[in-house]
Amino acid sequence: MSLNDEILQELKIELLDELVKEEPSKELLTERLAEIRSADIGEVLEELIEEDEELSAALSVLDILSTERAANVLGYLPGESQLEVVGELSDTQVLKLLEEMGSDERADLFNLLGEDRREALLRRMAHQEREDLKRLSSYEEGTAGAIMTSDYVAIASGMTVSQAMMRVRQTAPDAETVYQLYILDSDGQLIGTMSLRQLMVARPGALVDDIMIKDVISTPVDEEQEEVARIVARYDLLALPVIDADGRMVGIVTHDDAMDVAESEATEDIHKGMSIGQLEDGVSRVRLWSLYRKRVTWLVLLVFANLFSGAGIAYFEDTIAAQVALVFFLPLLIGSGGNAGAQAATLMVRGMATGDIGVKDWSKMLGRELLVAGALGITMAVAVTPIGVFRGGEAVAIIVALSMVTIVLFGSLIGMCLPFVLERFKVDPATASAPLVTTLIDATGVLIYFSIATVILSDLGM
C-alpha cells in the first residue's frame, strides 16, 4: 500500500514506541514492515536518521529486515543518510548489503565512502565483483557510465531460441530488467536486441541472429546523463544500452534511472532559474546555513545591479519634476518588461533542455520573438493608454504607450537571447534566470522610459 503523511507519522511513532522497549517485539515489527513497500520504509528511516538519537532505531529496523530487503531500502535513502547507516555497520555487514544492491546503486554508495573504507571492502570482495565495482565507480559523475547498471541479460550471437531462454533463466534473478535482451558477438560488441516477448513466441530452433533487431539505439559511456534521459524518453525505451569506445557493451541505463535523472536535472534548472545554488538535499531537509549560502550570493549581486535603476531615476530628476505622473507608471512598465523577458528566457531554456532548439536556431527564434513580443507590447500599450490619459493627459499616455512597446520588446529579446549567449560560451542556459533578466530590464527600462519621456516632453515644450 502507499502511505500518506498521516500513516507515515503513525508508523514512525509505532516503531519508536516499540524500539524503546527493553525487549521490542520483532514479530510485531516484522509483520508491520511486511505490509509496507521498501520506498515507504526508506522514507520513514530517513526521518529517523535525521534525528541523531534515533539512528539506532533506524538500524534496528534494517536489522529486522532480510538482507535483500534491507539493501533495497538502503537504496532509497539519500547519500548522506546512507553514509550515516554504513558508518555504524561492520565491513561484513556492508559487504552483505552491497552484494544485494543493484550494481549502479552499489557503485554510488561505494563512491560516497572514504578511501580507507573502500580499500578494506575491495580486499574482501570476489575478483569479478571487485573489478565490476571498480569499473562502475570510475566513470565521471553526470555521464551515462555513472548511472548505468551492469545487471542485464546478454545473449551470445549464434544461440538458438531455446538456448537463449535457458540463458535468460540463469541470469534473470540478478538482472535489473529481463524484458529487453542484448545480443553480443564474441568480442562483446552489441550487434542486436530483442524483447522477451519476441524470444518467447519464436520457434525454439531458430537463431537469435535471424530474429533480433539490428538497428539498435545505444549511447557512449561518456555521454551526458541529461542527453541519456532525453533519448530514453524520446524513443520510449525500457533500457538504453551503453557502449565503450571500442563498441563493447558495458551496461544499460534503465527507464526509472533515466527518469530520476530527468527529475534531478529539471530541479537543478528550476533552482538556477531562480538564482539558487544546487542543494545537496531536499529543501525541507537541507541545513539552514546551506540554504542561506545557496541563495545569498546572487541576491547580493542583484542588489548592486539594481543601483543602476536608482542612478537612472536620479539622472532624470528634471523630467520627473516636469511631469510627476510619470512616476506612477514606472513600476508597471519595468514590471511588464521583466515579466515578458522572464517568459522568453524560460521558453528558451526549456527548449534547449528538451533538445527542441539549439544555438543554430538563434536567428529563427529571434524573428519569431520579434513578432510575438511586438504584438504583446502593442496589446499591453493599448490596455494601459486609457489609464495614462486619466492620470496625466495625452502626453503621458503617448509616453507610456511607446515605452510599453519598447520595454516589452527589449525585455523579450534580452530574455530570448541571453540563454543562447550563455550556451555559446559553455555556460548553463538555466543561469539566464528570472531574477537576472528582470534586474537587467529594471535598469534598462528606467533609461528607456525616461529617455522617451524627455524627448516627447521637450518637443511639446513641457
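Residues numbered from 1 in each chain as written. Predicted model: local features only at pLDDT ≥ 70, side-chain atom pairs only at ≥ 80, totals over all residues. Heavy atoms only, no water.

Caption draft 1: Layout of the overall build of the protein chain. Broken down by element type, the protein chain carries 22 helices and six strands. Taken across its 462 residues, the protein chain has 46% of its residues classed as buried. As displayed, the protein chain has an accessible area near 24,600 Å², and 56% of this comes from carbon and sulfur atoms. (Helix = DSSP H or I, 4+ residues; strand = E, 2+ residues; numbered from the N terminus. Buried < 20%, exposed > 50% of the residue type's maximum accessible area, 1.4 Å probe, protein only. Areas by Shrake-Rupley, 256 points an atom, 1.4 Å probe, with all protein chains shown as cover.)

Caption draft 2: Spotlight on the nonpolar core. By size, the foremost hydrophobic cluster in this structure holds 53 residues, and its most contacted members are Ile41, Leu45, Val85 and Met148. Once you skip the residues sitting within four places of it in the chain, Val85 turns out to touch Ile49, Leu59, Leu62, Leu74 and Leu77. In terms of nonpolar packing, the next biggest core, distinct from the first, is built from 31 residues, Leu330, Ala401, Tyr449 and Phe450 among them. (Core = buried A, V, L, I, M, F, W, Y, C linked by side-chain atoms within 4.5 Å. Contact = heavy atoms within 4.5 Å.)

Caption draft 3: Spotlight on helix α4 (residues 55–64). The buried fraction of α4 amounts to seven of the 10 residues, a majority that puts the element mostly inside the structure. Among the residues of α4, Leu55, Ala57, Ala58, Leu59, Val61, Leu62 and Ile64 are the ones counted as buried.

Caption draft 4: The arrangement of a negative patch on the surface in detail. A grouping of Glu68, Glu99, Glu100 and Asp174 is seen on the molecular surface, where their side chains present a negatively charged patch. Relative to the elements of secondary structure, Asp174 occurs in the loop between α12 (161–171) and β2 (180–184). On the basis of relative accessibility, which here comes to 62%, the residue Asp174 falls in the exposed class. (Patch = residues over 30% accessible without salt bridge, like charges linked within 9 Å, V, L, I, M, F, W, Y side chains within 5 Å. Salt bridge = Lys/Arg side-chain N within 4 Å of Asp/Glu carboxyl O. Lys, Arg positive; Asp, Glu negative; His and termini not counted. Charge placed at Lys NZ, Arg CZ, Asp CG, Glu CD.)

Caption draft 5: Region of the structure containing the side chain of Asp151. Along the chain, the position of Asp151 falls in the loop between α11 (144–147) and β1 (154–156). Not counting the four nearest positions on each side in its chain, Asp151 is found in contact with Gly102, Ser103, Asp174, Ala175, Glu176, Thr177 and Ile252.

Caption draft 6: Main features of the pairing of strand β3 (residues 190–195). Burial of β3 is extensive: five of the six residues sit out of reach of the surface. Across five bridges, β2 lies against β3 in antiparallel orientation. The residue bridging Ile183 from the neighbouring strand is Gly192, located in β3. (Pairing = 2+ DSSP bridges.)

Caption draft 7: Broad picture of a nonpolar patch on the surface. Taken together, the side chains of Val300, Val303, Phe304 and Leu307 present a nonpolar region at the surface, about 390 Å² in accessible area. Tracing the backbone shows Phe304 in helix α17 (residues 288–315).

Caption draft 8: Region of interest: the side chain of Thr149. Among the secondary structure elements, Thr149 is positioned in the loop between α11 and β1. A polar contact is formed between the side chain of Thr149 and the side chain of Ser103, at a distance of 2.5 Å. A polar side-chain atom of Thr149 sits 3.2 Å from the main-chain amide nitrogen of Asp151. Not counting chain neighbours up to four residues away, the residues in contact with Thr149 comprise Ser103, Asp104, Glu176, Gly251, Ile252 and Thr254. (Polar contact = N/O pair within 3.5 Å; in protein donor to acceptor, adjacent residues only side chain to side chain.)

Caption draft 9: Inspection of the sheet that holds strand β6 (residues 249–254) at higher detail. With mixed pairing, three strands are arranged side by side in an open sheet as β4-β5-β6. One side of each edge strand has no neighbouring strand; the edge strands of this open sheet are β4 (219–220) and β6. Where β4 and strand β5 (residues 239–243) come together, two bridges link them in parallel fashion. When the bridges of β5 are listed, Thr219 appears paired with Val242. Each of β4, β5 and β6 is contacted by helix α15 (residues 225–235), which is oriented at about 135° to β5, the strand it contacts most. (Axes fitted to C-alpha atoms, helices over the stretch in contact; angles between N-to-C directions.)

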